[in-house]
Amino acid sequence: MKINEGRVKQSAKNMISGFLYQTVTLILSFISRTVFINTLGTEYLGLNGIFTDVLSLLSMADLGFGTAMAYSFYKPLAEHDEDRIAALIHFYKKFIAIKTDDGRIKGKISFYCKVLHVSRQAFNKYLKTKDAPWKYQALADAMIDICSEDECNDTYGRIRMYQALQLKHPEAVHIPGERTVYRIMEELGLNHKPKRKPNGITKADKEARKSDDLIKRDFSAQKPLEKCITDMTEIKASDGKLYVSAIFDCYDLAVLGLAMDTNMKATLCEQTLDNAYKAYPMLRGAVLHSDRGTQYTSELYRKAINKYGILQSMNSAGGRCHDNARCESMWARFKEELLYGRYDTTTMTVEQLKTLIWRYFISYWNNRRICSANGGLPPMVKRQQYYASLQEAA
């Protein structure tokens, strides 16, 4: 830190010294030439010398604009940020085109090209191509169509957008690399940046009997209904709070069971388990992982677990949230995609939220949402491919 501060101070001193030196030199030169002209006459030295110094002195008014333009390339060059470099060059070319009226004012072209460090050849090429159709227009239209298909698709980043394009493969549209997709999304203003982080709400019961951690942070599964994770989250409504409980399959992140209520008692978790087992009777024998909240250590929940023949797994001792990180990330995705910046839940009733959330998970999440962890496939599409492969093998 001290080394960096020392460099900054020395750089500042060098800049100030250089500026003062140039200023004094120009002023003295200006004065000396003025004296010589008044003493010896303009025929001896000519007016060219004094006018040159006047222009040199006035040129300092740009405060190093041309140098600043050159320095603006240092960071993107050091970081190999090709998109940033291309954007800067394009901006400078556009600036020159505006100042020279698309090259019609010939006298200014050389000046601006020199100041902005743009070659004449590059500027002339820009003038020829600036009104040409965008070669990625068809791809851009396909991206906009994907975003408009579902309400939450506007949260797609470059990876999921690239995977969505590969899955849909629009007709007569060439799909370039992921980096190019990102650049086009940036051009269209489609880039999404997460803004918030969720907070856990379940509280551990230190005296209750715990189950072993059978998952051990390995959230991968080789087949459906092998490993599952569960948790609950809280959403504020205009007439109270809504608690959402869900069970996710580690194989494809499908929502197997979902339940909502205005309290976070153990009955909510039991109802989630009942709904999951009704939809997927083959859940028997699966491992179901949760945190150490009082709901999951309760006698009521343990009886439901045993009734359905499910193996219970819990976070390790110490309340480590990373032991159930996959489920926490699911809630973060859900809130970022559906709620934050889209709905003000405090103006909605509990019943309105229930309908919205049910439609999101059961309809959109399971069947249409691109999931990067599934190789760009929605959960149910990946599940269908798995069972189809079993039938082919048989």
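Refer to the structure presented above.
Report on the accompanying structure. Bear in mind the structure is a predicted one, so any value in this text is a computation, not a measurement.

Of note in this structure, leucine 225 is not a glycine but carries a positive phi near 60°. Along the chain, the position of leucine 225 falls in the loop between helix H11 (178-188) and strand E1 (227-237). You can call leucine 225 buried: its relative accessible area is 10%. The backbone of leucine 253 shows a phi angle near 65°, a positive value even though the residue is not glycine. Here leucine 253 is to be found in the loop between strand E2 (240-249) and strand E3 (255-261).

On to the pairing of E3, then. In summary, the side chains of a regular strand alternate between the two faces of the sheet. Of all the seven residues making up E3, six are buried; the element is thus mostly covered by neighbouring parts of the structure. With six bridges joining them, E2 and E3 adopt antiparallel strand pairing. Residue pairing for E3: isoleucine 247 is matched across the bridge by glycine 257. Hairpin geometry of E2 and E3 is characterised by an intervening segment of five residues between the two adjacent antiparallel strands and by a positive phi of about 65° at leucine 253.

Glancing now at the sheet that holds strand E5 (residues 311-314). Spatial strand order, E3-E2-E1-E4-E5: five strands in an open sheet with mixed pairing. This sheet does not close on itself; its edge strands, each paired only once, are E3 and E5. Sheet twist, expressed as the average angle between the axes of neighbouring strands with direction ignored, equals 25°. Sheet strands in contact with helix H12 (residues 266-279) are E1, E2, E3 and strand E4 (287-290), and its direction is about 145° off that of E3. Relative to E1, helix H15 (residues 325-339) is tilted by about 40°, and along the sheet it contacts E1 and E2.

With that settled, consider the side chain of lysine 335. Within the secondary structure layout, lysine 335 lies in helix H15. Here lysine 335 sits buried without a salt bridge, and the closest side chain of opposite charge, glutamate 234, lies 7.1 Å off (N-O distance). Looking at lysine 335, its side chain comes within polar contact range of the side chain of threonine 233, at 2.8 Å. Among residues more than four places away in sequence, those in contact with lysine 335 are Thr233, Glu234, Ile235 and Tyr340.

Time to look at the packing of aromatic side chains. Under the definition given, this model contains 15 aromatic pairs. When the ring of tryptophan 331 is compared with that of phenylalanine 334, the centres are 6.0 Å apart and the planes differ by 70°; the resulting orientation is edge-to-face. Remark: phenylalanine 334 and tryptophan 331 occur in helix H15; sequence separation between them is three residues, near one turn of the helix. Under the relative-accessibility criterion, phenylalanine 334 is labelled buried at 0%. The interplanar angle of 75° and the centroid separation of 5.1 Å between the aromatic rings of tyrosine 360 and phenylalanine 361 together place this pair among those described as edge-to-face. A relative accessible area of 3% means that tyrosine 360 is categorised as buried. Overall, phenylalanine 361 belongs to the buried group, its relative accessible area being 0%. A cation sits over an aromatic face here: arginine 158 above tyrosine 182, 5.3 Å from the ring centre.

Tallied over the entire structure, the rule returns eleven salt bridges. Between glutamate 178 and arginine 158 there is a salt bridge whose closest N-O contact spans 3.7 Å. In this pair, glutamate 178 sits in helix H11 while arginine 158 sits in helix H10 (residues 158-168), placing the two residues 20 residues apart along the sequence. Residue classification places glutamate 178 among the partly exposed positions, given a relative accessible area of 28%. Its relative accessible area of 31% is what places arginine 158 among the partly exposed residues. One salt bridge connects glutamate 351 with lysine 354, and the closest N-O pair in it is separated by 3.7 Å. Linking glutamate 351 with lysine 354, this pair stays in helix H16 (residues 350-367), spanning three residues, or about one helical turn. For lysine 354, a relative accessible area of 22% puts it in the partly exposed group. What emerges from the salt-bridge pattern is a single network uniting Arg160, Glu337 and Arg369.

Locating glycine 376 in the fold gives a position in the loop between H16 and helix H17 (379-393). Judged by relative accessible area, glycine 376 falls into the buried class, the value being 2%. Spatially, the C-alpha atoms of glycine 376 and arginine 160 are 6.5 Å apart, while their sequence positions differ by 216 residues. Apart from the residues lying within four places of it in its own chain, the contact partners of glycine 376 are Gln163, Leu167, Ile370 and Cys371.

Right, let's talk about helix H14 (residues 299-307) for a bit. Buried within H14 we find Tyr301, Arg302, Ala304 and Ile305. Buried residues of H14, viewed axially, fall in a sector of 160°; they line one side. Pointing more than 90 degrees away from the buried face of H14 are the exposed residues Glu299, Lys303 and Asn306. In this structure, the buried residues of H14 make contact with E1, H12, E4, helix H13 (294-297) and E5. Of the residues one or two after H14, glycine 309 is the one with positive phi, at around 65°.

Let us look at the nonpolar core. If you look at the biggest cluster of nonpolar residues, it comprises 54 residues, and the most contacted ones within it are Met143, Met161, Leu165, Phe248, Phe334, Ile357 and Phe361. When residues of this core are traced back to their parent elements, those giving at least two are helix H9 (137-149), H10, H11, E1, E2, E3, H15 and H16. Examining the composition of this core, we find that eight residues originate from one element, H16, more than from any other. Grouped together as the second largest cluster of nonpolar side chains are 25 residues, Leu283, Tyr296, Ala304 and Ile305 included.

Quick notes on the rules
- The numbering scheme is per chain: residues are counted from 1 as the chain's sequence reads.
- Note on the predicted model: pLDDT of at least 70 is required for a residue's local features to be given, and 80 or more for side-chain atom pairs to be given and counted; whole-chain, interface and lining totals, by contrast, use all residues.
- Water and hydrogen atoms were dropped before computing side-chain values, which therefore reflect all heavy atoms in the structure.
- Secondary structure follows DSSP: runs of H or I at least 4 residues long count as helices, runs of E at least 2 residues long count as strands, and numbering of each begins at the N terminus.
- Partly exposed residues are those whose accessible area sits between 20% and 50% of the maximum for their type, while under 20% is buried and over 50% is exposed, using a 1.4 Å probe and protein chains only.
- In this analysis, strands are considered paired if DSSP registers two or more bridges between them.
- The convention used is that axes are lines fitted to C-alpha atoms, helices contributing only their stretch in contact, and that angles between N-to-C directions extend from 0 to 180 degrees.
- We call two residues in contact when some of their heavy atoms are within 4.5 Å.
- We treat Lys and Arg as the positive residues and Asp and Glu as the negative residues; His and chain ends play no part in the count.
- Only one rule defines a salt bridge in this text: a Lys or Arg side-chain nitrogen within 4 Å of an Asp or Glu carboxyl oxygen.
- Any pair of nitrogen or oxygen atoms within 3.5 Å is treated as a polar contact; in protein, a donor-acceptor pairing is required on top of that, and neighbouring residues in sequence qualify only through side-chain atoms on both sides.
- Two rings belonging to Phe, Tyr or Trp (six-membered ring only in the last case) form a pair when the distance between their centres is within 6.5 Å. Interplanar angles under 30 degrees mark stacking, angles over 60 mark edge-to-face geometry, and anything in between is tilted.
- Whether a charge lies above a ring is judged from NZ of Lys or CZ of Arg, which has to be within 6 Å of the ring centre and within 35 degrees of the ring normal.
- For this quantity, the arc is that covered by the directions from the helix axis to the C-beta atoms.
- In this text, buried Ala, Val, Leu, Ile, Met, Phe, Trp, Tyr and Cys residues form a nonpolar core when linked through side-chain atoms within 4.5 Å.

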